[in-house]
Amino acid sequence: MKKIGVTFLAACLGGAVAIGSYKLIEDKYQDGMSFEDKQKFYLTNNPTPAITSSAGELDFTEAAASVTPAVVHIKTTYNNPTANSGRDQMQDMFEDFFGGNRRRSQGPAMGSGSGVIISPDGYIVTNNHVVENADKINVILPDKRSLEAKVIGRDANTDLALIKIEGSGYPIVKLGNSDNVRVGEWVLAVGYPFALNTTVTAGIVSAKGRQIGILDNTTPGPNGEPQPRTAIESFIQTDAAINRGNSGGALVNTRGELIGVNAAIASQSGSYEGYGFAIPINLAKKVLDDFKEFGSVRRGFIGVNFTGLDAEQSKRFGVSEINGLYINEVIPGGGAAQAGLKEGDIITKVDGNPIYSPSDLQERIGRLGPGDKVQLAYLRNGKQLATSVTLKGEDSIKSNERLPENVVTKNLGATFAPVSDVLKKRYKVNSGVIVTSVKSGGFFDQIDLPQGTVITSINSQPINKAQDIEKAISSGRNNMATINAITPEGMPMKYQFQVR
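Quantities reported herein were computed from a predicted structural model and do not represent experimental measurements.

Draft legend 1. Local environment of the nonpolar core. In this structure, Ile118, Val139 and Leu258 are the most contacted members of the largest nonpolar core, which totals 53 residues. Element by element, the count of residues in this core is highest for helix α6 (residues 281–294), at 6 residues. Those residues in contact with Leu258 that lie beyond four places of it in its chain are Val116, Ile118, Val173, Lys174, Leu175, Gly176, Ala250, Leu251, Val252 and Ile281. With 20 residues, the next largest nonpolar core counts Phe416, Val433, Val435 and Ile463 among its residues.

Draft legend 2. Molecular detail of the pattern of salt bridges. One pass over the full model with this rule turns up 10 salt bridges. A salt bridge links Lys286 to Asp290; the shortest N-O distance between them is 2.5 Å. Taken together, the residues Lys286 and Asp290, both in helix α6 and 4 residues apart, mark about one turn of the helix. Take Lys286: its relative accessible area is 13%, and that puts it in the buried class. You can call Asp290 buried: its relative accessible area is 8%. Bridged by salt links that share partners, the residues Asp179, Glu363 and Arg367 form one connected network.

Draft legend 3. How the structure looks around the sheet that holds strand β2 (residues 109–117). As summarised here, the arrangement of the 6 strands in space is β1-β2-β3-β6-β5-β4, forming a closed barrel in which the pairing is antiparallel. Between one strand axis and the next, the sheet turns by 40° as a mean value, whatever way the strands run. Of the strands in this sheet, β3 (123–126), β5 (146–155) and β6 (160–164) touch α6, which is tilted by about 45° from β6.

Draft legend 4. Structural view of the packing of aromatic side chains. With the rule as written, the count across this model stands at 5 aromatic pairs. Plain terms: the ring middles of Phe317 and Tyr326 are 4.0 Å apart, the flat faces sit at 10° to each other, and that makes the pair stacked. Grouping residues by exposure puts Phe317 and Tyr326 together as buried. Arranged with centres 6.3 Å apart and planes meeting at 85°, the rings of Phe416 and Phe444 form a pair that is edge-to-face. On the criterion of sequence distance, the pair formed by Phe416 in strand β19 (residues 414–418) and Phe444 in helix α13 (residues 443–446) is long-range, its members being 28 residues apart. Residue class for Phe416 comes out buried when judged on its relative accessible area of 4%. The class for Phe444 is buried, based on a relative accessible area of 1%.

Draft legend 5. The pairing of strand β23 (residues 480–486), seen in detail. For β23, the buried fraction is high: 5 of the 7 residues fall into the buried class. In the sheet, strand β21 (residues 454–458) pairs with β23 via 4 bridges, with the strands oriented antiparallel. The partner of Ile458 across the bridge, within β23, is Ile483. Bridge count for β23 against strand β24 (residues 492–498) is 7 bridges, and the pairing is antiparallel.

Draft legend 6. A look at the packing of helix α2 (residues 35–45) against α6. Two elements in contact, α2 and α6, have axes separated by 9 Å at closest approach and are oriented at 90°. Of the possible angle classes, the one that applies to α2 and α6 is roughly perpendicular. Judged by residue contacts, Phe35, Glu36 and Lys38 of α2 engage Lys285, Leu288, Asp289 and Lys292 from α6. A breakdown of the residues in the contact of α2 with α6 according to their chemical character gives 2 nonpolar, no polar and 5 charged.

Draft legend 7. Spatial organisation of the pairing of strand β12 (residues 276–280). Taken across its 5 residues, β12 has 5 buried, putting it largely inside the fold. Of the pairings in the sheet, the one linking strand β9 (residues 235–238) to β12 comprises 3 bridges and is antiparallel in character. Within β12, the residue paired with Gln237 across the bridge is Phe277. Of the pairings in the sheet, the one linking strand β11 (residues 258–265) to β12 comprises 5 bridges and is antiparallel in character. Its bridge partner lying in β12, Gly260 is registered against Pro280.

Draft legend 8. Fine view of α2. Listed as buried for α2 are Phe35, Lys38, Gln39 and Tyr42. Down the axis of α2, the buried set is contained in an arc of 100°. They therefore lie on one face. Within α2, the exposed residues directed more than 90 degrees away from the buried face are Lys40 and Thr44.

Draft legend 9. Seen up close, the environment of Gly184. Its location among the elements puts Gly184 in the loop between β6 and β7 (186–191). Between the C-alpha atom of Gly184 and that of Ile204, which follows or precedes it by 20 residues, the distance is 5.4 Å. Beyond its immediate chain neighbours, meaning those up to four positions away, Gly184 contacts Ile204 and Val205.

Draft legend 10. Seen up close, the sheet that holds strand β8 (residues 199–210). Taken in spatial order, the 6 strands of this closed barrel run β7-β8-β9-β12-β11-β10, and their pairing is antiparallel. Across the sheet, the mean angle separating the axes of adjacent strands is 45° when strand polarity is ignored. Note: β7 against β8, 6 bridges, orientation antiparallel. When the bridges of β8 are listed, Trp186 appears paired with Ile204. Helix-sheet contacts for α6 involve β11 and β12, and the interaxial angle to β12 is about 50°.

Cut-offs applied
- Residues numbered from 1 in each chain as written.
- Predicted model: local features only at pLDDT ≥ 70, side-chain atom pairs only at ≥ 80, totals over all residues.
- Heavy atoms only, no water.
- Core = buried A, V, L, I, M, F, W, Y, C linked by side-chain atoms within 4.5 Å.
- Buried < 20%, exposed > 50% of the residue type's maximum accessible area, 1.4 Å probe, protein only.
- Helix = DSSP H or I, 4+ residues; strand = E, 2+ residues; numbered from the N terminus.
- Contact = heavy atoms within 4.5 Å.
- Salt bridge = Lys/Arg side-chain N within 4 Å of Asp/Glu carboxyl O.
- Pairing = 2+ DSSP bridges.
- Axes fitted to C-alpha atoms, helices over the stretch in contact; angles between N-to-C directions.
- Phe/Tyr/Trp six-rings, centres within 6.5 Å; stacked < 30°, edge-to-face > 60°.
- Parallel < 35°, antiparallel > 145°, perpendicular 65-115°, else oblique.
- Nonpolar A, V, L, I, M, F, W, Y, C, P; charged D, E, K, R; others polar.
- Arc of directions from axis to C-beta.

Function cannot be read off these values alone, since they describe shape.
Structure below.
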């Protein structure tokens, strides 16, 4: 009998060692997974009942019950609000638009937002503006436990942040597929508006790929020159009620899948007026995995500046296409330049998907990193072409960042693209570049020179591309430049200004 007892004890110890070893290997194995793969592994071992879409019956109770345990309240503390990164009036407007619900006082300032647990080991997605510059971040779980969180990574260009609390076994919201979201389908917004307990609201998807300009907050470079726009906006618009404090909360479909991270409201009053915006989860997946692996976003760039086309812009550029992106500039050394793209080309598809607006391209490229390849379809002189572009990293783009055009951007404050053959024939000129945008504070802005103006020569030198402008301006006497131009209405004009 004693021998049997010893044998049984040895068997138990052996089993415990085996289980412990397996658990160690399992944890290490999961560490290298993406968040989506970690969720699949977790759900395989912790199956939950499938939630059938209940849009027909308008009963969202199952989806709400599955999501609310994993949506958390985030409270932030700012010890020195008066010196908090020198916030200016524009940044205050940014917070008001997003509904950060920050309270300023003589003591520490307090902020409030929401977050979504996406991994059982405590990773939480929220908005960058919810946790930016916070000295302390507390996560309040639905069961009222309060845990301190640390920032793993955050990105102002997408307004996403990843934070983490210690522990394991947390409930999660399953990551969905925002590409499959359809305008008109029912969705739920879950969060902590006005610092209330978990609140669920319902609505429909009103639109996709919305650009609202809230993230376009680039600041001038050291010499006052404009910086490239790197913000990515392709919001899911919903009429589900989103208010202050909902920032960072969940937008889910009727199956309880996370399709977006609530980020902004369009409102005159600061409260819900029918327009809410969420970051698509397919864009967030890549950003969040980068945060976990690198601590920051590894973004890939095509290496072009472009303008979205519509009927008015197409007429201005002298092209027949009204959909797509008109390339104003190809960055030297970038992926587009190496793939043979040129100024004046029109990007019509990326990886087979039609491009109707800048957000269509930005979101898809935003899901990729340096070294990834994309297939671009484009028009050149009315002919359909295609090429493969290898995306370059941000450092590569910065190293080639229009260095020869600093004087142009500083003085003229504009971007340019080649003039099409149609416009050359219309204006009876052999050379020229068209002004594709006019920036505030530059010479063109001061003289009210409109977008769509054609610059034919500077200091009597013909202009055929943006790089010609720098050379022509430098050739002027006494730091003076004379510009010959044609207005969008076809009137010849002459301008003179002093190069600073």
